There are 2 protein chains.
Amino acid sequence: MQAIDQVIKTEKKKVDQKIIDKIDRLRQKSDFTLNSILDSMEYSLSAGGKRIRPIITVKVAEMFKGNLKAAYDLGLALEFIHSYSLIHDDLPAMDDDNYRRGQLSNHKVFGEGMAVLTGDALLTFAFRQLASLNLEPTKIVKIIKLVADKAGFLGMVGGQSLDIRYEDQKIDLDTLMKIHQFKTGALFKAAVLGGAYCASIDQEQEEALDNYAEKLGLLFQITDDILDKTGNYDKMGKPIGSDEELNKSTYVSILGLAKAREKAVKTADKARKALKIFKEAEFLTSLINYILNRDS
Amino acid sequence: MQAIDQVIKTEKKKVDQKIIDKIDRLRQKSDFTLNSILDSMEYSLSAGGKRIRPIITVKVAEMFKGNLKAAYDLGLALEFIHSYSLIHDDLPAMDDDNYRRGQLSNHKVFGEGMAVLTGDALLTFAFRQLASLNLEPTKIVKIIKLVADKAGFLGMVGGQSLDIRYEDQKIDLDTLMKIHQFKTGALFKAAVLGGAYCASIDQEQEEALDNYAEKLGLLFQITDDILDKTGNYDKMGKPIGSDEELNKSTYVSILGLAKAREKAVKTADKARKALKIFKEAEFLTSLINYILNRDS
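Residues numbered from 1 in each chain as written. Chains lettered and ligands numbered in written order. Predicted model: local features only at pLDDT ≥ 70, side-chain atom pairs only at ≥ 80, totals over all residues. Heavy atoms only, no water.

All right, on to the nonpolar core then. With 197 residues, the main nonpolar core has A:Tyr212, A:Leu287, B:Tyr212 and B:Leu287 as its most contacted residues. The contacts of B:Leu287, once residues within four sequence positions are left out, are B:Ile4, B:Ile8, B:Ile52, B:Ile56, B:Tyr212 and B:Leu216. (Core = buried A, V, L, I, M, F, W, Y, C linked by side-chain atoms within 4.5 Å. Buried < 20%, exposed > 50% of the residue type's maximum accessible area, 1.4 Å probe, protein only. Contact = heavy atoms within 4.5 Å.)

Another point: the relation of the copies chain B and chain A. Least-squares fitting of chain B to chain A yields an RMSD of 0.0 Å, with the transformation described by 0.0 Å of translation along the axis and a rotation of 180°. Here the copies are linked by what is in effect a two-fold axis. Of every C-alpha in chain B, the one belonging to B:Pro137 sits nearest the axis of rotation, 2.6 Å from it. When the interface residues of chain B are mapped onto chain A, 100% of them again fall at the interface, so both copies present the same face. (Least-squares fit on C-alpha atoms with pLDDT ≥ 70 in both.)

With that settled, the discussion passes to the packing of aromatic side chains. Residue and element names in this part refer to chain B. Inspection of the entire model under this criterion finds eleven aromatic pairs over all chains. Centre to centre, the rings of Phe64 and Phe278 are 5.7 Å apart; their planes meet at 75°, and the pair counts as edge-to-face. Residue Phe64 is located in the loop between helix 3 (52–63) and helix 4 (68–90), and its partner Phe278 is located in the loop between helix 14 (257–274) and helix 15 (282–292); the two are separated by 214 residues in the primary sequence. Their ring planes at 40° and their centres at 5.6 Å tell us that Phe80 and Phe125 sit as a pair that is tilted. Of this pair, Phe80 sits in helix 4 while Phe125 is found in helix 6 (residues 112–131), placing the two residues 45 residues apart along the sequence. (Phe/Tyr/Trp six-rings, centres within 6.5 Å; stacked < 30°, edge-to-face > 60°. Helix = DSSP H or I, 4+ residues; strand = E, 2+ residues; numbered from the N terminus.)

Now for the interface of chain B and chain A. At the interface, 53 residues of chain B touch 53 residues of chain A. Overall, the association of chain B and chain A removes approximately 4,400 Å² of surface from exposure, summing both partners, and the carbon and sulfur fraction of that is 75%. The partner of A:Arg128 in a salt bridge is B:Asp149, and the shortest N-O contact between them spans 2.9 Å. Counting the contacts that link chain B with chain A gives eight residue pairs in polar contact (both at pLDDT 80 or more). Listing elements by their share of the side of chain B that touches chain A, those giving two or more residues are helix 1 (4–29), helix 2 (35–45), helix 4, helix 6, helix 7 (137–151), helix 8 (156–165) and helix 9 (173–197) of chain B. Residue contributions to the side of chain B that touches chain A peak at 13 residues, all from helix 6 of chain B. Residues belonging to the side of chain B that touches chain A are distributed by class as follows: 31 nonpolar, 13 polar and nine charged. (Buried area = accessible area lost by both parts, 1.4 Å probe. Salt bridge = Lys/Arg side-chain N within 4 Å of Asp/Glu carboxyl O. Polar contact = N/O pair within 3.5 Å; in protein donor to acceptor, adjacent residues only side chain to side chain. Nonpolar A, V, L, I, M, F, W, Y, C, P; charged D, E, K, R; others polar.)

The next point concerns a nonpolar patch on the surface. Residues and elements named next belong to chain A. A surface patch of nonpolar side chains, amounting to about 240 Å² of accessible area, comprises Tyr99, Leu104 and Val109. Residue position: Val109 is located in helix 5 (residues 106–110). Since its relative accessible area comes to 39%, Val109 is described here as partly exposed. (Patch = residues over 30% accessible without salt bridge, like charges linked within 9 Å, V, L, I, M, F, W, Y side chains within 5 Å. Areas by Shrake-Rupley, 256 points an atom, 1.4 Å probe, with all protein chains shown as cover.)

In this section: the side chain of A:Lys59. Locating A:Lys59 in the fold gives a position in helix 3 (residues 52–63). For A:Lys59, a relative accessible area of 11% gives the class buried.

Turning our attention to a positive patch on the surface. A cluster of like positive charges, contributed by A:Lys259, A:Lys266, A:Lys270, A:Lys273 and A:Lys276, occupies part of the molecular surface. Here A:Lys273 shows up in helix 14 (residues 257–274). (Lys, Arg positive; Asp, Glu negative; His and termini not counted. Charge placed at Lys NZ, Arg CZ, Asp CG, Glu CD.)

Let's shift gears to helix 10 (residues 203–230) of chain A. In this model helix 10 of chain A runs 40 Å from its N-terminal to its C-terminal C-alpha over 28 residues, within 8% of the 40 Å that 1.5 Å per residue would give. Its side-chain oxygen placed 3.2 Å from the backbone nitrogen of A:Glu204, A:Asp202 serves as the N-cap of helix 10 of chain A. (Expected span 1.5 Å × (residues − 1).)

What follows deals with the pattern of salt bridges. By the definition in use, this model includes 30 salt bridges over all chains. Its salt-bridge partner being B:Lys14, residue B:Glu11 comes within 3.7 Å of it at the nearest N-O pair. With a gap of three residues between them, B:Glu11 and B:Lys14 both fall in helix 1, about one helical turn apart. Within this structure, A:Lys12, A:Asp16, A:Arg51 and A:Glu79 form a network of salt bridges that share partners.

Looking now at the environment of A:Leu257. All names here are of chain A. By the secondary structure assignment, Leu257 is in helix 14. Judged by relative accessible area, Leu257 falls into the partly exposed class, the value being 28%. Separated by 45 residues in the primary sequence, Leu257 and Tyr212 place their C-alpha atoms 24 Å from one another. With residues up to four places along the chain from it excluded, the contact list for Leu257 reads Ile226, Lys229, Thr230 and Val252.

On to unusual backbone geometry. Residues and elements named next belong to chain A. Unlike most non-glycine residues, Asp96 shows phi in positive territory, near 55°. Among the secondary structure elements, Asp96 is positioned in the loop between helix 4 (68–90) and strand 1 (99–100). Exposure remark for Asp96: the relative accessible area of 44% places this residue in the partly exposed category.

Attention now goes to the packing of helix 8 (residues 156–165) of chain A against helix 6 of chain B. Two numbers describe how helix 8 of chain A lies on helix 6 of chain B: the axes approach to 10 Å, and their chain directions differ by 165°. In terms of their interaxial angle, helix 8 of chain A and helix 6 of chain B are classed as roughly antiparallel. The hand of the helix 8 of chain A/helix 6 of chain B crossing is left-handed. Residues A:Val157, A:Gln160, A:Ser161 and A:Ile164 of helix 8 of chain A lie in contact with helix 6 of chain B, whose contacting residues are B:Gly113, B:Met114, B:Leu117, B:Asp120 and B:Ala121. Along the lines of polarity and charge, the residues of the contact of helix 8 of chain A with helix 6 of chain B split into five nonpolar, three polar and one charged. (Axes fitted to C-alpha atoms, helices over the stretch in contact; angles between N-to-C directions. Parallel < 35°, antiparallel > 145°, perpendicular 65-115°, else oblique. Left-handed = near helix turned anticlockwise from the far one by under 90°.)

Attention now goes to a negative patch on the surface. Residues A:Asp96, A:Glu112, B:Asp96 and B:Glu112 make up a contiguous surface patch of negative charge. Here B:Glu112 lies in helix 6. Residue B:Glu112 is classed as partly exposed on the basis of its relative accessible area, which comes to 34%.

All names here are of chain A. Taken N-terminus to C-terminus, the directions of helix 4 and helix 6 (residues 112–131) make an angle of 165°; their axes are 8 Å apart at the nearest point. Taken together, the axes of helix 4 and helix 6 are roughly antiparallel relative to one another. As for the relative orientation of helix 4 and helix 6, their crossing is left-handed in sense. Where helix 4 approaches helix 6, its residues Asp73, Leu74, Leu76, Ala77, Phe80, Ile81, Ser83, Tyr84, Ile87 and His88 are matched on the opposing element by Ala115, Val116, Thr118, Gly119, Asp120, Leu122, Leu123, Phe125, Ala126, Gln129 and Leu130. Within the contact of helix 4 with helix 6, the residues separate by chemical class into 14 nonpolar, five polar and two charged.

What follows is the structure, encoded as structure tokens:
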């Protein structure tokens, strides 16, 4: 297999192009008066980003010889959800971030009201997209349940609500892990399991993937916290140290940098172990190291 | 048939109870840390409201001898969507309303950040609810497409974006009608057609219902504008004249009160005509008069 950097770069290009195509088709369907919300949706969707969730979905579907067209479309829906959550998260009422991926946050360009609506539109459209997946209806319904669970109040949104609940409070490691399991881990699970649902897997495989996704999400969050402390603005596209400024508990603030790094390595080990039952899991294995060693 | 007031009262009670039951079940599924977002969801969901959308869904399903359990669940999902849109609409970044249905707006009680998340959670949960409808998967997928279209940027959210686009501008009647077709009409269509999809209807019936729903949504909006001018605080549960204060174009501001009333009567006629092909449409017919003559 190619080096993972190359695979991710190639897949990211494909996902970027599919997002552009999708917006073009939406423009054709709508009339000019809706240009303002479409412009705002496009602004945030095409703002770059790693596209890690759709890439995972596609690669998992590929691993189980599933329907790749459906996997790309599902991946796009997850990217819409990820994008909406960032728009709402950046609002003054939430994290109050002026920059995202090196450019102004959505509300700094389109205004707060439009930013709220743009997030709502992206979330709603994600489900429209899922309902059109090129799969039998039983599988579509299964995937919509998965995504709604992982994105909703028992998943991503619930995690964000915990962020608010524990604002300005010192929290312990268990609570932090729980918040992140909801906030980041849940959507990673949707990406991994959703990709698998574009194929057919058995119970044992599903459990292993669920376990892998949980560890991968955790690893992603720990490395995120480390990068917020040690990263570089040009690579990250956002100010460094913003967690500290917001007085947020992070793996680094609770454990210190050295122990946070140690926890990342251990979490990577656990993710690797979860893959043991699979004969071929080259991409998923490489992805662990890729996230462990990322610098942006 | 009973007088429509009685039918609506009875159905509203059922819907209210089903919403309470639903929230109870959600609490059982989640853990205490999620109480804050559940409290906020419950606050807005149980704030009363006419429940007109779920009642329509159920009554249309009944008219075509469809699956009533599915119709109630679908109606609840529409109520979640309606409720989320009100929460986001009341935010300072949007209409900045402190009161809704005689009680403080969600963000005045739970804070703006939580209000944003509560809306997100309700919208996401609406699709979770739709995916669990007691119907065959093909119908579920059809209903999810319908609801996502009508609630999304080509429907309700698109209409709200037009509100922002035309803010502080004088607009003509056609533009106002277009905004409302998106903003209010679309979700009424989802309620009517969704109810019909819980049964089986042919193309001609679908077109007639689509036409009826459009006129009903328009009628609802015109009477809303009239009530904002002439209504009474105690019955409305919100300040009268808020449209004027926000400098919003309404049917009353564009046409004047007398012509707006005339337009309401004509729209009611058109809605009645749309029902002509049906032998039995007693509820839908009475509903037109009910909305035309409402005082809250």
